[in-house]
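# Notes for the structure review
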Amino acid sequence: MWALIKDNKVEEIIRFPRTFIDTENNIKHPRTIFNTWTWEQLNTIGIYEVLDNGVKGNNKFEYTSQPTWTFNKTKKNVSSSYTITEKALDDSEAKDEDGNNILDADGNNLINYGLKTQAKERAKQQANSFISRFNWLVERSIYDSSKAIPDAVKTYVASIRTDCGEIETAIDGASNLTEFKALYTDTVNSKNEVTQINRINRWTDDKTIKEYIR
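Residues numbered from 1 in each chain as written. Predicted model: local features only at pLDDT ≥ 70, side-chain atom pairs only at ≥ 80, totals over all residues. Heavy atoms only, no water.

### Brief notes about the overall build of the protein chain
To keep things clear, this is the line we draw: For the purposes of this entry, the term helix denotes a DSSP run of H or I that reaches at least four residues, the term strand denotes a run of E that reaches at least two, and both are numbered from the N terminus. Radius of gyration: over C-alpha atoms. The globule rule applied is 2.2 Å multiplied by the number of residues raised to the 0.38 power. Exposure classes here rest on a 1.4 Å probe applied to the protein chains alone. A residue is buried below 20% of its type maximum, exposed above 50%, and partly exposed in between. Contact criterion: two residues are considered in contact whenever any of their non-hydrogen atoms come within 4.5 Å of each other. Areas reported here follow the Shrake-Rupley algorithm with a probe of radius 1.4 Å; residue values treat only the protein chains shown as occluding.
A tally of regular secondary structure across the protein chain gives six helices and 13 strands. The C-alpha atoms of the protein chain give 28 Å as radius of gyration, which overshoots the globular expectation for 214 residues (17 Å, by more than 25%). In terms of overall dimensions, the protein chain has C-alpha extents of about 90 × 50 × 40 Å along its principal axes. Here the protein chain holds 214 residues, and the buried ones make up 30% of them. Nonlocal contacts in the protein chain, meaning residues at least 24 apart in sequence, comprise 51% of its contacts between residues at least 6 apart. Put simply, the protein chain shows about 14,400 Å² of open surface, and 46% of that area lies on carbon and sulfur atoms.

Listed below in structure tokens is the structure:
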């Protein structure tokens, strides 16, 4: 990217090469100058290098604002900065610009679901996904009572339900975003090797019942 600077301020961010008119000298330059001219040459007509080097938030947990661009006359470049806002952990009632509750077609308050509710819903979906692989065994036992559901599968399914419950409890127990983020962080050793998968993604292994997966 390039920046057009006037009076030491960023007037425009140029994301793609285009025809450029040097208004001070009334000269029209072809778009090729952006890729063929040196920075020194571009600087003479007010075009400077853009460094999108600002720190952005993690989209999973935070909102990141549009960039604010700042020109550094000494370094002859433009750098970026961002405002990072934490996403809400807890649910809240949806409000309009005047602070009034937003209602659905039935007159019920609309809810903005926080990170905790969203994470617990994903955990339930993941648990159901693991368990549903054995639905065929349930159906088989219904139509043929002599075909019992293997104990190993019953144990696994029970463990998955326990896992889901523990994950939801851990989510509810996070009192701030730092604690919530920690639920997604693996434990690693000095060699940066994972020694324990994070709580959100740690589920009972299915290696002992793979033969029953459909």
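### Focus on the nonpolar core
One recurring pattern in soluble globular proteins: nonpolar side chains tend to sit buried together. Our working definition: Each nonpolar core is a collection of buried residues, namely Ala, Val, Leu, Ile, Met, Phe, Trp, Tyr and Cys, held together in the definition by side-chain atoms within 4.5 Å.
The biggest cluster of nonpolar side chains holds 25 residues, and the ones touching the most others in it are Phe134, Tyr156, Ile160, Ile171, Phe180, Tyr184 and Trp203. Secondary structure elements with two or more residues in this core: helix H3 (115–132), helix H5 (151–173) and helix H6 (177–182). Looking at which element gives the most residues to this core, the answer is H5, with seven residues. If we skip the residues at most four places from it in the chain, phenylalanine 180 touches Phe61, Leu89, Leu115, Lys116, Ala119, Ile171 and Ala174. Counting nine residues, the second-largest nonpolar core is a separate cluster that includes Ile14, Phe20, Ile33 and Ile45.

### A short note on the packing of aromatic side chains
Heads up, the condition is: Only Phe, Tyr and Trp rings take part, Trp by its six-membered ring, and two of them pair if their centres are within 6.5 Å. Stacked means planes under 30 degrees apart, edge-to-face means over 60, and tilted covers everything else.
Under the criterion given, the structure shown has seven aromatic pairs. Ring centres 5.0 Å apart and planes at 70° place the aromatic pair tryptophan 2 and phenylalanine 34 in the edge-to-face group. Here the residue tryptophan 2 occupies a position in strand E1 (residues 2–6), and phenylalanine 34 occupies one in helix H1 (residues 33–36), the gap between them amounting to 32 residues. On the basis of relative accessible area, tryptophan 2 is assigned to the buried category, the value being 10%. Note on tyrosine 48 and phenylalanine 71: the rings are 4.9 Å apart at their centroids and 65° apart in plane angle, and the pair reads as edge-to-face. With a gap of 23 residues between them, tyrosine 48 in strand E5 (residues 47–51) and phenylalanine 71 in strand E7 (residues 68–72) connect regions that are remote in the sequence. Neither tyrosine 48 nor phenylalanine 71 differs from the other in exposure class; each is buried.

### Here's the deal with the side chain of aspartate 206
Which entries qualify depends on this criterion: Under this definition, polar contacts are N or O atom pairs within 3.5 Å; protein pairs additionally need one hydrogen-donor-capable and one acceptor-capable atom, and for neighbouring residues in sequence, both atoms have to be side-chain atoms.
You can see aspartate 206 is positioned in the segment after strand E13 (194–196). Look at aspartate 206 and you get buried, because its relative accessible area is 13%. Within polar-contact distance, the side chain of aspartate 206 engages the side chain of arginine 133 at 2.9 Å.

### What to know about the pattern of salt bridges
Here is the rule we go by: For salt bridges, the criterion is a side-chain nitrogen of Lys or Arg within 4 Å of an Asp or Glu carboxyl oxygen.
Per the stated rule, a full pass over the model turns up eleven salt bridges. Across the pair aspartate 52 and lysine 56 runs a salt bridge whose closest N-O atoms are separated by 3.9 Å. For lysine 124, the salt bridge identified is with glutamate 168, shortest N-O distance 2.8 Å. Of this pair, lysine 124 sits in helix H3 while glutamate 168 sits in helix H5, placing them 44 residues apart in sequence. The exposure class assigned to glutamate 168 is buried, which follows from its relative accessible area of 18%. Beyond isolated ion pairs, a larger network of salt bridges with shared partners links Arg133, Asp206 and Lys210.

### What to know about the sheet that holds E5
Strand-to-strand pairing in sheets goes through backbone hydrogen bonds, with the strands running parallel or antiparallel. Going by this rule: Pairing between two strands is assigned when DSSP locates at least 2 bridges connecting them. For every element, the axis is a line fit to its C-alpha atoms; helices are fit only across the contacting stretch, and the angle between N-to-C directions ranges from 0 to 180 degrees.
Pairing is mixed in the open sheet, where five strands are placed in the order E2-E1-E5-E8-E7. Of all the strands in the sheet, the pair left with one neighbour each is strand E2 (9–14) and E7. Taking each pair of neighbouring strands and ignoring which way they run, the sheet shows an average axis angle of 35°. Pairing of E1 with E2, which is carried by five bridges, proceeds in the antiparallel orientation. Paired with leucine 4 across the bridge in E2 is glutamate 12.

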